[in-house]
Amino acid sequence: MEYFKLHLYMPQNSTSILAPSFLPATVVFEMTYRCNHSCLFCSCPWENENDSFKKQKELSVEEWKNVISVLCKMGIMNFAFSGGEPLMKEGIIEIIEYAASCKSEHIETVNNTLVSEFKTPKLFLLSNGLLMNAEIIALCKKHDIHLSMSLPGFDTFEQHTLRKNREQVLHWFTEAKKAGLSTTVNVTVTRKNLHELYETISMALLAGADSLLMNRFLPGGRGIKYAKELMLEKKDVVEMLDIAEEVLQTANRKGSVGTELPKCIIPEDRNYKQLSIGTRCSAAIEFFVVGPSGYIRTCNHSPIEMNHYTEIEKIKDHPYWKKFIIERVQTNNV
Ligand code: SF4
């Protein structure tokens, strides 16, 4: 699954949200290496055939529950179930039910005062929609789970994913809307689908998606092999932003760009009102990743595995983790 972004879902009465530990407040769980799509742009590091990233034994249902317990004790308040395709993971419903039964310590700054409370973490499910069904929609409804599904193009959907479930994705957005779920359409933009970006976003919003998470293609994982044909040029990125803003303004919806953009790419004369654009990497700052075998990474694009979750306290001393933290501190001080 593609990049995850939190800021669309922050409670309106809080000015900051902190986990009561050194960890970011959001974790992305890559539940399994398996996927029933074969997206050309897939950035999962294990899909890079030339890389040394090794798949290891996946965590069992009980081990995933243990990960959740450990992280709740460390105050993690946002759990995003991703993959691979998370709905392919055996026991996924049991694992999500377990997460929904846990409590973690939320610390928020409300009206300039730190407020601590034990609350059920907020859950997110990121799927390609192929295995979506009424049971999963009901599960999302029961636990107020935010549902994201991907639509990387409409006419070019099959060309990008090698599957034919675009109508299914739209159908499940409509069903999710009927059930009163909050949803996001994830659109990865490539040179092959830029020409139909307006239509792609429009169709998802008309079907019932509430918001947009847009990622420009970045070479990683399987995508490295297709970098030349998928990579956007600078002018394409500007076109992508303009199109998304136009659709969002027309539909009066909000959206965000998942992967950060260098400031120099964003034209100074543009004033994007509906689309929020990050210019700083948020890996290890706003979120981190637990991979299918329990190893921690700073970001889902990164192939660098650090410690196993069973020794999560050691992460703060890991040189790779520290690099991200130090770089952010230095950026903030510039
Ligand atoms: S990008 Fe496509 S192939 Fe990769 S995990 Fe997501 S749905 Fe599966």
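As shown above, the structure is provided for reference.
This text gives an overview of the structure that appears in the document.

Cut-offs and rules
Residues numbered from 1 in each chain as written. Predicted model: local features only at pLDDT ≥ 70, side-chain atom pairs only at ≥ 80, totals over all residues. Heavy atoms only, no water. Pairing = 2+ DSSP bridges. Helix = DSSP H or I, 4+ residues; strand = E, 2+ residues; numbered from the N terminus. Phe/Tyr/Trp six-rings, centres within 6.5 Å; stacked < 30°, edge-to-face > 60°. Lys NZ or Arg CZ within 6 Å of the ring centre and 35° of its normal. Buried < 20%, exposed > 50% of the residue type's maximum accessible area, 1.4 Å probe, protein only. Contact = heavy atoms within 4.5 Å. Salt bridge = Lys/Arg side-chain N within 4 Å of Asp/Glu carboxyl O. Expected span 1.5 Å × (residues − 1). Arc of directions from axis to C-beta. 1 Å grid on protein atoms, 1.4 Å probe; cavity = no way out; pocket = protein on both sides within 12 Å on 5 of 7 lines; lining within 4 Å. Points joined across faces, edges and corners; volume = space filled by probe spheres on them. Nonpolar A, V, L, I, M, F, W, Y, C, P; charged D, E, K, R; others polar. Polar contact = N/O pair within 3.5 Å; in protein donor to acceptor, adjacent residues only side chain to side chain. Core = buried A, V, L, I, M, F, W, Y, C linked by side-chain atoms within 4.5 Å.

**Notes on the sheet that holds strand E11 (residues 275–277)**
Right, so step 1: Strands sit in the order E11-E10-E9-E8-E7-E6-E3-E2-E12-E13 across an open sheet of 10 strands; the sheet is mixed. Each having just a single partner strand, E11 and strand E13 (296–297) make up the two edges of the open sheet.
Right, so step 2: Alignment of strand E3 (residues 78–82) against strand E6 (residues 122–127), held across 4 bridges, turns out to be parallel. What sits directly across from Asn 78, in E6, is Lys 122.

**Considerations on the packing of aromatic side chains**
Right, so step 1: Summed over all chains, the structure comprises 8 aromatic pairs.
Right, so step 2: In textbook terms, an aromatic cluster arises when at least three aromatic residues are bridged by ring pairs, as seen for Phe 29, Trp 64, Phe 79 and Phe 81.
Right, so step 3: Directly above the aromatic system of Phe 124 lies the positively charged group of Lys 122, at a separation of 5.9 Å from the ring centroid.
Right, so step 4: Stacked on the ring of Phe 154, the Lys or Arg Arg 166 has its end atom at 3.9 Å from the ring centre.

**Quick look at the environment of Ala 244**
Right, so step 1: Residue position: Ala 244 is located in helix H8 (residues 234–251).
Right, so step 2: With relative accessibility at 0%, the residue Ala 244 sits in the buried group.
Right, so step 3: Sequence separation between Ala 244 and Leu 212 is 32 residues; the distance between their C-alpha atoms is 8.6 Å.
Right, so step 4: If we skip the residues at most four places from it in the chain, Ala 244 touches Ile 201, Leu 212, Met 214 and Leu 275.

**Some details on the pattern of salt bridges**
Right, so step 1: Applying the stated criterion across every chain yields a total of 22 salt bridges.
Right, so step 2: Glu 30 is paired through a salt bridge with Arg 297; the nearest N and O atoms lie 2.7 Å apart. Note that Glu 30 is positioned in strand E2 (residues 26–30) and Arg 297 in strand E13, a separation of 267 residues in sequence.
Right, so step 3: For Glu 30, a relative accessible area of 1% gives the class buried.
Right, so step 4: Assessed through its relative accessible area of 0%, Arg 297 is described here as buried.
Right, so step 5: Where Lys 122 meets Asp 144, a salt bridge forms, and the shortest distance between an N and an O atom there is 3.5 Å. Taken as a pair, Lys 122 in strand E6 and Asp 144 in the loop between helix H3 (134–143) and strand E7 (146–150) lie far apart in primary sequence, 22 residues in all.

**Notes on helix H5 (residues 166–179)**
Right, so step 1: Its 14 residues give H5 an end-to-end C-alpha distance of 20 Å, which sits within 8% of 20 Å, the value for a rise of 1.5 Å per residue.
Right, so step 2: Among the residues of H5, those classed as buried are Val 169, Leu 170, Trp 172, Phe 173 and Ala 176. Along H5, the residues classed as buried sweep out an arc of 165° about the axis, all on the same side.
Right, so step 3: Buried-residue contacts for H5 involve H3, E7, helix H4 (157–161), strand E8 (183–189) and helix H6 (197–207).

**Thoughts on the layout of surface pockets**
Right, so step 1: Considered as a void within the structure, the second largest pocket measures approximately 200 Å³ in volume.
Right, so step 2: Surrounding the second largest pocket, 16 residues form its lining, Leu 218, Glu 260, Cys 281, Cys 299 and His 301 being those nearest its centre.
Right, so step 3: When the residues that make up the lining of the second largest pocket are grouped by side-chain class, the tally is 9 nonpolar, 5 polar and 2 charged.

**Regarding the side chain of Ser 104**
Right, so step 1: Position of Ser 104 among the secondary structure elements: in strand E4 (residues 104–110).
Right, so step 2: In terms of polar contacts, Ser 104 uses its side chain to reach the backbone carbonyl oxygen of Ile 76, at 2.7 Å.
Right, so step 3: Other than its neighbours up to four places away in sequence, Ser 104 contacts Cys 72, Gly 75, Ile 76, Met 77, Glu 117, Phe 118, Lys 119 and Pro 121.

**A closer look at the pairing of E7**
Right, so step 1: The buried fraction of E7 is high, at 5 of 5 residues.
Right, so step 2: Strand direction decides the pairing type here: E7 and E8, joined by 4 bridges, are parallel. Bridge pairing in E8 places Ser 150 opposite Asn 186.

**Observations concerning the pairing of E4**
For a regular strand, side-chain orientation follows a simple rule: the groups alternate between the two sheet faces.
Right, so step 1: In terms of burial, E4 is largely enclosed, as 5 of its 7 residues are buried.
Right, so step 2: Taken together, E4 and the strand that follows it, strand E5 (residues 113–119), pair antiparallel across an intervening segment of 2 residues, in which Asn 111 is found at a positive phi of about 50°.

**Structural notes on the nonpolar core**
Right, so step 1: Among the nonpolar cores identified, the biggest contains 85 residues, and Phe 29, Leu 71, Phe 79, Phe 81, Met 214 and Phe 288 are the most heavily contacted of them.
Right, so step 2: Element by element, the count of residues in this core is highest for H8, at 7 residues.
Right, so step 3: If you look at the next biggest cluster of nonpolar residues, it comprises 12 residues, including Cys 44, Phe 217, Tyr 226 and Leu 230.

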